[in-house]
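Analysis of the macromolecular model
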Amino acid sequence: MRIGFGYDVHAFAPNRELWLGGIRVPSDKGLLGHSDADVAIHALCDALLGAAAMRDIGYHFPDTKGNEYEGIDSKILLRRVMAMLREAGYELGNCDITIAAQAPKLAPYIEPMRQCLAEVMEVQISQVSVKATTTEHLGFVGREEGIAAYAVVLLQ
């Protein structure tokens, strides 16, 4: 068994859609990034890659490759990461993701995120945990400047 940890953060930006855990969350602002800036999936990918000692998401999908990954749906990146892990002989035991966002409120979107991530990774929904928290108005998350996400995974 192997354990991995991932972390990602993106700043809010106007005129962008907000994507978290593979689903579009209604919001008046999205997150700034080269891809769709889905912090939850990016943290998850880093945790998965880290558990297998396969570096990180930026190494495999760099923003320096011109337009190849510009605006890409992070679910595509997650599918590719899972394919790399399976090729190396790993399967997901479980994953646990925490999204830190002062706003918008994410409770109504947790189950759709779990379902989406389970489908993309081709695992049971019981293997996918997604939680949301605020930072009690502290730090950049609390000032509503951006969103952070943390992920831990167990690979078998």
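We now turn to the structure provided with this report.

Scoring rules and cut-offs
Residues numbered from 1 in each chain as written. Predicted model: local features only at pLDDT ≥ 70, side-chain atom pairs only at ≥ 80, totals over all residues. Heavy atoms only, no water. Helix = DSSP H or I, 4+ residues; strand = E, 2+ residues; numbered from the N terminus. Buried < 20%, exposed > 50% of the residue type's maximum accessible area, 1.4 Å probe, protein only. Pairing = 2+ DSSP bridges. Contact = heavy atoms within 4.5 Å. Axes fitted to C-alpha atoms, helices over the stretch in contact; angles between N-to-C directions. Phe/Tyr/Trp six-rings, centres within 6.5 Å; stacked < 30°, edge-to-face > 60°. Lys NZ or Arg CZ within 6 Å of the ring centre and 35° of its normal. Patch = residues over 30% accessible without salt bridge, like charges linked within 9 Å, V, L, I, M, F, W, Y side chains within 5 Å. Areas by Shrake-Rupley, 256 points an atom, 1.4 Å probe, with all protein chains shown as cover. Salt bridge = Lys/Arg side-chain N within 4 Å of Asp/Glu carboxyl O. Expected span 1.5 Å × (residues − 1). Polar contact = N/O pair within 3.5 Å; in protein donor to acceptor, adjacent residues only side chain to side chain. Parallel < 35°, antiparallel > 145°, perpendicular 65-115°, else oblique. Left-handed = near helix turned anticlockwise from the far one by under 90°. Nonpolar A, V, L, I, M, F, W, Y, C, P; charged D, E, K, R; others polar.

Comments concerning unusual backbone geometry
For the peptide bond that leads from A103 to P104, omega is 0 degrees, which places it in the cis range. Among the secondary structure elements, P104 is positioned in the loop between β5 (92-100) and α4 (110-121). Although it is not a glycine, E122 adopts a positive phi angle of roughly 60 degrees. Positionally, E122 belongs in the loop between α4 and β6 (128-133). You can call E122 exposed: its relative accessible area is 64%. A positive phi angle, near 60 degrees, is found at E144, a position not held by glycine. Accessibility expressed as a relative area gives 32% for E144, which makes it partly exposed.

Comments concerning the sheet that holds β5
Taken in spatial order, the 5 strands make up an open sheet running β4-β1-β7-β5-β6, and their pairing is mixed. Either end of the sheet is taken by a strand with one partner, and the two such strands are β4 (30-31) and β6. Across the sheet, helix α1 (residues 39-51) is in contact with β1 (2-13), β4, β5 and β7 (146-155); its angle to β1 comes to roughly 155 degrees.

A closer look at the packing of aromatic side chains
Enumeration according to the criterion identifies 2 aromatic pairs in this entry. Seen in terms of ring centroids, F61 and Y69 are 5.5 Å apart; in terms of plane orientation they differ by 80 degrees. Their pairing is edge-to-face. For F61, a relative accessible area of 10% translates into the label buried. Looking at Y69, the relative accessible area reads 8%, which means it is buried. Sitting above the plane of the F12 ring, K29 keeps its charged end 4.6 Å from the centroid.

Comments concerning a nonpolar patch on the surface
On the surface, a nonpolar cluster with roughly 440 Å² of combined accessible area is contributed by F5, Y7, V9, Y150 and V152. At the level of secondary structure, the elements contributing two or more residues to the nonpolar patch comprise β1 and β7. Residue contributions to the nonpolar patch peak at 3 residues, all from β1.

Overview of α1
Between the first and last C-alpha of α1 there are 18 Å, a value that for 13 residues agrees with the 18 Å anticipated at 1.5 Å per step. Within α1, burial applies to V39, A40, I41, H42, A43, L44, C45, D46, A47, L48, L49 and A51. Of the residues flanking the start of α1, the one acting as N-cap is D38, its side-chain oxygen 3.2 Å from the backbone nitrogen of A40. At the C-terminal side of α1, A53 shows a positive phi close to 55 degrees.

Remarks on the packing of helix α3 (residues 74-87) against α4
For the pair α3 and α4, interaxial distance at closest approach is 9 Å and the crossing angle is 45 degrees. By the angle class used here, α3 and α4 are oblique. Here α3 runs over α4; the crossing is right-handed. Counting all contacts with α3, which are made through K75, L78, R79, M82 and R86, the residues of α4 involved are C116, L117, V120 and M121. Taken together, the residues of the contact of α3 with α4 break down into 6 nonpolar, no polar and 3 charged.

Side note on the packing of α1 against α3
Between α1 and α3, whose axes approach to 10 Å, the crossing angle comes to 10 degrees. With respect to each other, α1 and α3 are oriented roughly parallel. Counting all contacts with α1, which are made through I41, H42, L44, C45, L48 and L49, the residues of α3 involved are S74, K75, L77, L78, V81, M82, M84 and L85. Per-class residue counts for the contact of α1 with α3 are 11 nonpolar, 2 polar and 1 charged.

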